[in-house]
Amino acid sequence: MNNRHFPTMGSNKLTHMRDKIEIPSLVAIETTNACNAKCAFCPNSAMNRDREVMADDLYRKIIDDCATFQVQAIEPFLNGEPFMDPQIVPRLKYLRERLPATKLRLYTNGFALVPKRVDELQGVGIDHLFISLNTLDPAKYEAVMGLRLDRTLNNIEYLVDPSRRGRLAREITVRMTRTNDTTAADQARFVVYCEQRRVNCMIVGLFNYLGDVTSSLPVPSFPCEHITRVDILSNGLVTLCCMDTEGKFGWGDARKESILDIYNGPRARTYREMHRTGRRKQIPPCGTCNLFWPSFDGLSWPRRVQFGLAYAYYLLRYRPFIKHKAKFRASPPPP
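Note that the structure is predicted; figures quoted are calculated from it, not measured.

Q: Help me understand the overall build of the chain in this model?
A: Broken down by element type, the chain carries 11 helices and 10 strands. For 335 residues, the compact-globule formula gives about 20 Å, and the C-alpha radius of gyration of the chain, at 20 Å, lands near that figure. Dimensions of the chain, computed from the C-alpha atoms along their principal axes, are close to 60 × 45 × 40 Å. Counting every position in the chain, which comprises 335 residues, the buried fraction comes to 56%. A sequence separation of at least 24 residues applies to 74% of the contacts in the chain between residues at least 6 apart. Accessible area for the chain stands at about 15,100 Å²; split by element, carbon and sulfur atoms hold 52% of it.

Q: Can you walk me through the side chain of N290 in this structure?
A: On the secondary structure map, N290 appears in the loop between α10 (266-276) and α11 (301-318). Non-local contacts of N290, meaning those with residues more than four positions away in its chain, are made with L206, F207, N208, S215, L217, P218, V219, P220, R280 and Y314.

Q: Is there a simple way to think about the pairing of strand β6 (residues 200-204) in this case?
A: Regular strands place their side chains on alternate faces of the sheet. With 5 of 5 residues buried, β6 is to be regarded as a mostly interior element. Neither face of β6 is left uncovered, since the one carrying N200, M202 and V204 and the one carrying C201 and I203 both have all their residues buried. The sheet contact formed by strand β5 (residues 169-177) and β6 spans 5 bridges and is parallel. By the bridge assignment, R175 is partnered in β6 with M202. Read as a crossover between parallel neighbours, the route from β5 over helix α8 (residues 184-196) to β6 is right-handed. The pairing of β6 with strand β10 (residues 321-324) spans 4 bridges and is antiparallel.

Q: Is there a simple way to think about the sheet that holds strand β1 (residues 26-29) in this case?
A: Sheet strands line up and pair through hydrogen bonds in the backbone, either parallel or antiparallel. Read across the sheet, 10 strands follow the order β9-β8-β7-β1-β2-β3-β4-β5-β6-β10 without closing on themselves; strand pairing throughout is mixed. Lying at the two open borders of the sheet, with one neighbouring strand each, are β9 (252-253) and β10. Sheet topology note: the strand β4 (residues 126-132)/β5 ladder contains 6 bridges and is parallel. Residue pairing in the sheet places I126 in a bridge with A169 of β5. Against the sheet, helix α3 (residues 88-98) makes contact with β2 (73-75), β3 (103-108) and β4, and its axis sits at roughly 160 degrees relative to β3, the strand it touches most. Running over the sheet, α8 touches β5, β6 and β10 and is turned about 155 degrees from β6.

Q: Looking at this structure, how should I read the environment of L206?
A: Relative to the helices and strands, L206 resides in the loop between β6 and β7 (229-232). Distance from L206 to T179, taken between C-alpha atoms, is 6.4 Å for residues 27 residues apart in sequence. Aside from chain neighbours lying at most four places away, what touches L206 is F41, T177, R178, T179, N180, T214, S215, L217 and N290.

Q: Would you mind going over the side chain of N33 with me for this structure?
A: Along the chain, N33 turns up in the loop between β1 and α2 (56-67). Engagement of the side chain of N33 in a polar contact is seen with the backbone nitrogen of E52, the distance being 2.8 Å. Those residues within four positions of N33 in sequence are excluded, and the remaining contacts are N44, M47, R49, D50, R51, E52, N79, G80 and S234.

Q: Is there a simple way to explain the packing of aromatic side chains in this structure?
A: Geometrically, a pair of aromatic rings is defined through the distance of the ring centres and the angle of the planes. Within the structure shown, the criterion is met by 14 aromatic pairs. Judged by centre distance (4.8 Å) and plane angle (40 degrees), the ring pair of F207 and F292 falls under tilted. Here the residue F207 occupies a position in the loop between β6 and β7, and F292 occupies one in the loop between α10 and α11, the gap between them amounting to 85 residues. Across the pair, F292 and F207 agree in class, each one buried. Every member of this aromatic cluster is reached through a ring pair, and the members are F207, F222, F292, W293, F296, Y311, Y314, Y318 and F321. Over the ring of F111 we find R151; its NZ or CZ atom is 4.0 Å from the centre of that ring. Directly above the aromatic system of Y158 lies the positively charged group of R164, at a separation of 3.6 Å from the ring centroid.

What counts and how
Residues numbered from 1 in each chain as written. Predicted model: local features only at pLDDT ≥ 70, side-chain atom pairs only at ≥ 80, totals over all residues. Heavy atoms only, no water. Helix = DSSP H or I, 4+ residues; strand = E, 2+ residues; numbered from the N terminus. Rg over C-alpha atoms; globule rule 2.2 N^0.38 Å. Buried < 20%, exposed > 50% of the residue type's maximum accessible area, 1.4 Å probe, protein only. Contact = heavy atoms within 4.5 Å. Areas by Shrake-Rupley, 256 points an atom, 1.4 Å probe, with all protein chains shown as cover. Pairing = 2+ DSSP bridges. Right-handed = clockwise from strand over helix to strand, strands pointing away. Axes fitted to C-alpha atoms, helices over the stretch in contact; angles between N-to-C directions. Polar contact = N/O pair within 3.5 Å; in protein donor to acceptor, adjacent residues only side chain to side chain. Phe/Tyr/Trp six-rings, centres within 6.5 Å; stacked < 30°, edge-to-face > 60°. Lys NZ or Arg CZ within 6 Å of the ring centre and 35° of its normal.

Here you go:
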């Protein structure tokens, strides 16, 4: 882990902070950092870490840790494509077995979500499936992602069929990342595509990945949601967030420590304190990152008002994302 420029706090402050145990709102587990796509706006292709699949004993240890405090949500995804993990289906089943009340959210580019895999996922208990489609133009899709659009679209047609979608996931969102050459017509067509398939539509602006990707969206002043998460790399290191793809600003090691101990450790607490007191831009690397999903947890009412207004202004000024809710919502899968 990188210790450069890491702020410190007085012993009295840290002692006071340790008195209160906080629970992460979400745990993200990078079961693999391998990906079948080469997205131009994603740093995965430039990542220095060796491509690997997380060891099964480490994965189970993380899930068992989470069972001790009943985490609200888990995402078996971070900087790779989940379906590049050959054990992803049994791992999802183990997660659901140990954490029946935890929200299970899964992200994929959909290319490897072939009919056979969709059939294997029937009844597993996915609460929300996100598919990063990004464009409906075959040439742009290949240029942006390095994949064939027709295969991904065929996979989506299969999984949204009414005969199987309800047992696949309670909610499905198809997502577009808005790049510099995305037109208004592209976005309108994408919305219609989602409406016709009765799935949620989400169009999101570019994240800058700590300045490594060019984006017109500025660094926000309000706290980032990642201060209330635990993001675990395939090697077990707990990284600051998905933007810290190499784990340079990590919080701990899930192979050696419990998830709750790491989340309540001094490094994690310092990041939360800096964000919650309006000093996000003073702590590296957050001062160069434009991730715009907010966190209002752990704030006093004056701070909630302050950051709520800042978030509202950011939304109105920059329009970082667009959401359209689907009319279809599946019932919970039968046991």
